[in-house]
There are 2 protein chains.
Amino acid sequence: MAIWLDWSEADFEAKFAAFLTTKREVSEDVGQTVREIIADVRARGDAALTEYTLRFDQLDFAETPMRVTDEEIEDALAQVEPDVLDALHLAAARITKHHSRQMPKDDIYEDDIGVGLGSRWTAIEAVGLYVPGGSASYPSSVLMNALPAKVAGVPRVVMVVPAMRGKINPTVLAAARIAGVDEIYRIGGAQAVAALAYGTETISPVAKIVGPGNAYVAAAKREVFGTVGIDMIAGPSEVLAIADKDNDPDWIAADLLAQAEHDRAAQAILISDDAAFAKAVSDAVERQLRLLPRADTAAASWRDYGAVIIVPSLDKSVPLANRIAAEHLELAVADPDALMEGIRNAGAIFIGRHTPEVIGDYVGGSNHVLPTARSARFSSGLSVLEYVKRTSILRLGPDQLRALGPSAIALAKSEGLDAHARSVGIRLNLGS
Amino acid sequence: MAIWLDWSEADFEAKFAAFLTTKREVSEDVGQTVREIIADVRARGDAALTEYTLRFDQLDFAETPMRVTDEEIEDALAQVEPDVLDALHLAAARITKHHSRQMPKDDIYEDDIGVGLGSRWTAIEAVGLYVPGGSASYPSSVLMNALPAKVAGVPRVVMVVPAMRGKINPTVLAAARIAGVDEIYRIGGAQAVAALAYGTETISPVAKIVGPGNAYVAAAKREVFGTVGIDMIAGPSEVLAIADKDNDPDWIAADLLAQAEHDRAAQAILISDDAAFAKAVSDAVERQLRLLPRADTAAASWRDYGAVIIVPSLDKSVPLANRIAAEHLELAVADPDALMEGIRNAGAIFIGRHTPEVIGDYVGGSNHVLPTARSARFSSGLSVLEYVKRTSILRLGPDQLRALGPSAIALAKSEGLDAHARSVGIRLNLGS
């Protein structure tokens, strides 16, 4: 049974504040192990990769090549059920179309005194995509991470995926092919992150590493950050559903459980202005739980981190939603636009009764990689911007240097940076 | 004397590759101390802040208030030399104007099947700006960090600056006032970062912390990352000047020294197609060095990390520049546009003989916070984007759910996520 908080109770603010600070993750301290693996791969390259893969994944590169061949990918495509393959193609087309609109435009111009200024965007030259192995190996995540890189124009997208005894989920390979991934290697863990960052005889290094992974992968990404770029380190998933009494309680319960089944540390929250409706949802959750193959996971998530919050009126849900800053926010109310107006902090908003969050996980076209653990207060979901970078541009002629130079000299001198002042002054014949 | 590399020599590639991996920073391990300070400020708030400030900055909050008053800021403005004040105003106006063009636009639309999709940008609600104390306390950095936040619409910008015995550089206070900083506190180090992240009785917490600092500040920012957002951790500054023989060697030497005077770990690199010219620049560096107040710093930087690279023709400088991925790139050549075409990796490009990098430090209008240590391969300089975040939006009606739902169900089932499939299926009467 989830926690139940009621705005009308005297200690609501204290309880809500405590709820907000609940930690849902215990970070394993694997730093030392990870540093050793990285140093080893950096020093010995393929030889180290081969040893770690034999040890951790029971996979011998003397028998199975490290790089997945074109033939294997073709075989994988043939193994995927036609309806799943069609769905992957539909998702890929929609993701590509939506993300194409996100491409930032160069802006190069001359200002009123003739100074040339500008921003020029270029794609990162090579990106590594980490894909977890086993049951957390999601084809949809391959699309969501790889397609925006291709839309951005990244010429080389390299995927790594741990392959226990050589096996890779064929749907993952199909998704990689559909997304245009250029190279796929059967490696995982900190050793794969090290190979991407520093390169080996087989794998050329990349400039940025993205994608989810376990504690070792997350620690390895933190460790190589600086040598390469990394994306955000994603935490467990969460949904906040704001729902009025005119919803079918079963629909909302199903949405809460779709989050809860991800992970025992996932979080599902309901805010409603109607306690009877909220009780009906809560009952529906218990009922539907019994039907789920992943009931254990979903039940633990709902019991430990689930919450039902009762507000006196729906407008009161807005400040709470902004403090929760949920990864996923559903607005299942009669007038969602009225609420949306005031929402500042949310990874993604799903509007109305016919937009279950799950559509966004797969085929909506928007990205499902979103800020977790309240980080929507300061960060955004994955977009094309993750794969481009901006170079700023400045161009002065003699006239512009004469106009701006003296001010630069004044500021440089006030900061005690005489060589800065000289670099401008020498061009203006202001002595040296 | 800087290192001298010549493309025409047989071992050039090996020497250049080794040069690229030179580490210019030794990161002090201050993690344990920093974690203790943060935990203490988090637990004891103002009381802990007061103790650390007395110990580290010899400043007693019983005598001098933690928060800088309006009166003090007015006094500071009156103390600043008129030409410096004018220069600050000019810089602020130019920075504001340029950064206003960077504000991303919302994009909310309906696709061809009637799915509502979109990106909505909102400003971060509160940002903390760390300003170093002492000689590294640069008014220009206050403008460069604070103005884009104000352009983005951040309602609350909080500045912290360590004030040894209570003193703050009046020009820094003037810059803060001009930039529209809302609150200023006399605190520094890890304790200031902790106060911004977790709040104390006096200081409300912020959602993101930006700005440069020493090893303690950098470690504290890494430590609180997740609770709040942080900007990149800046390394020592660097410039790459690509210059042909038709430059005045003294001008280019002055530009190299403007970088070198920053820090013993700063780096200045010259690429030229003319060895005699490069020698003349190198001689001019030695000559000008003697004139500099910060000669020791500049000489150490030039000796330990400076480089002169000779290429057979200027087009050969482009691939080298892309591998160096300099924070600042000067193109002091007859046809800079020809070179610029091929440049992918650079924080900022300064075009032509009359655009010394120093103009960009102060009054160009572009930002001087730029990616260092080759990180221009995967990251960008500071812009308005640092202070906004994107919420993605999805809106389906019954028709769109019928169109997309079955594909979402197929993918959810293939990923073994039955509750995901149910959340869609239950709305389509596909059983539950």
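Residues numbered from 1 in each chain as written. Chains lettered and ligands numbered in written order. Predicted model: local features only at pLDDT ≥ 70, side-chain atom pairs only at ≥ 80, totals over all residues. Heavy atoms only, no water.

Student: Can you walk me through the environment of Ala298 of chain B in this structure?
Tutor: Residues and elements named next belong to chain B. Topologically, Ala298 is positioned in helix α12 (residues 295–305). Expressed as a C-alpha distance, the spacing of Ala298 and Ile343, which sit 45 residues apart in the sequence, is 28 Å. For Ala298, the residues in contact, after removing those within four places along its chain, are Leu257, Ala260, Glu261, Leu289 and Leu292. (Helix = DSSP H or I, 4+ residues; strand = E, 2+ residues; numbered from the N terminus. Contact = heavy atoms within 4.5 Å.)

Student: In this structure, what is going on with helix α9 (residues 215–224) of chain B? I would like to understand it.
Tutor: The α-helix advances 3.6 residues per turn, and as a result positions three or four apart in sequence lie on the same side. All names here are of chain B. If you check which residues of α9 are buried, you get Val217, Ala218, Ala219, Ala220, Lys221 and Val224. Where α9 is buried, its residues touch α2 (31–44), β4 (126–130), α8 (189–198), β7 (208–210) and β8 (229–230). Just downstream of α9, Gly226 is the residue with a positive phi angle, here 115 degrees. (Buried < 20%, exposed > 50% of the residue type's maximum accessible area, 1.4 Å probe, protein only.)

Student: Help me out: how do you make sense of the packing of aromatic side chains in this one?
Tutor: Aromatic ring pairs are described here by two measures, namely the spacing of the ring centres and the angle between the planes. Taken as a whole, this structure holds 8 aromatic pairs over all chains when the rule is applied. For the pair Phe12 of chain A and Phe16 of chain A, a centre-to-centre distance of 5.7 Å together with 15 degrees between the ring planes defines the contact as stacked. Placement of the pair is Phe12 of chain A and Phe16 of chain A together in helix α1 (residues 12–20), with a separation of 4 residues, close to one helical turn. Judged on exposure class, the residue Phe12 of chain A and its partner Phe16 of chain A are both buried. Judged by centre distance (6.0 Å) and plane angle (10 degrees), the ring pair of Tyr52 of chain B and Phe56 of chain B falls under stacked. Here the residue Tyr52 of chain B and the residue Phe56 of chain B both occupy positions in helix α3 (residues 46–57), the gap between them amounting to 4 residues, near one helical turn. We classify Tyr52 of chain B as buried; its relative accessible area is 8%. (Phe/Tyr/Trp six-rings, centres within 6.5 Å; stacked < 30°, edge-to-face > 60°.)

Student: I keep staring at the domain arrangement of chain A and nothing clicks. Help me out?
Tutor: Think of interface size as the accessible area that goes away when the parts come together; that is how it is often given. According to the domain assignment, chain A consists of domain 1 (3–25 + 235–364), domain 2 (31–230) and domain 3 (396–428). Centre-to-centre, using C-alpha coordinates, domain 1 of chain A lies 57 Å away from domain 3 of chain A. (Domains from an automatic or database assignment.)

Student: Sorry if this is basic, but what is going on with the environment of Ala149 of chain A here?
Tutor: Residues and elements named next belong to chain A. Relative to the helices and strands, Ala149 resides in helix α6 (residues 139–152). The exposure class assigned to Ala149 is buried, which follows from its relative accessible area of 0%. Every residue in contact with Ala149, bar those within four places of it in the chain, is listed here: Val154, Val157 and Tyr387.

Student: Just checking my understanding: could you explain the relation of the copies chain A and chain B for this structure?
Tutor: Two chain copies here: they are related by a rotation about an axis and a translation along the same axis. The transformation that overlays chain A on chain B combines an axial shift of 0.0 Å with a rotation of 180 degrees, and the residual RMSD is 0.0 Å. Within this description, the copies of the chain are treated as partners about a two-fold rotation axis. Distance from the rotation axis, computed per C-alpha, reaches its smallest value in chain A at Pro104 of chain A: 4.4 Å. Here 100% of the interface residues in chain A have copies in chain B that are interface residues too; the copies meet face to matching face. (Least-squares fit on C-alpha atoms with pLDDT ≥ 70 in both.)

Student: Teacher, can you tell me more about helix α13 (residues 317–324) of chain A here?
Tutor: All names here are of chain A. Counting buried residues along α13, 6 of its 8 residues qualify, which places the element largely inside the surrounding structure. Turning to α13, its buried residues are Ser317, Val318, Leu320, Ala321, Asn322 and Ile324. Where α13 is buried, its residues touch α1, β9 (238–243), β10 (267–272), β11 (307–310) and α14 (336–340). Directly after α13, the chain includes Ala325, whose backbone phi takes a positive value near 50 degrees.

Student: Got a minute to help me understand the pairing of strand β12 (residues 328–332) of chain A in this structure?
Tutor: Each regular strand shows side chains that alternate between the opposite faces of the sheet. All names here are of chain A. Across the 5 residues of β12, 5 count as buried, placing the element largely inside the fold. Of the two faces of β12, the one holding His328, Glu330 and Ala332 and the one holding Leu329 and Leu331 are both buried throughout. As paired strands, β9 and β12 are joined by 5 bridges and run parallel to one another. Among the inter-strand pairings, Ala241 is bridged to a residue of β12, identified as Glu330. Note that β12 and strand β13 (residues 348–351) share 4 bridges and pair parallel. Looking across to β13, one finds that His328 is bridged to Ala348. (Pairing = 2+ DSSP bridges.)

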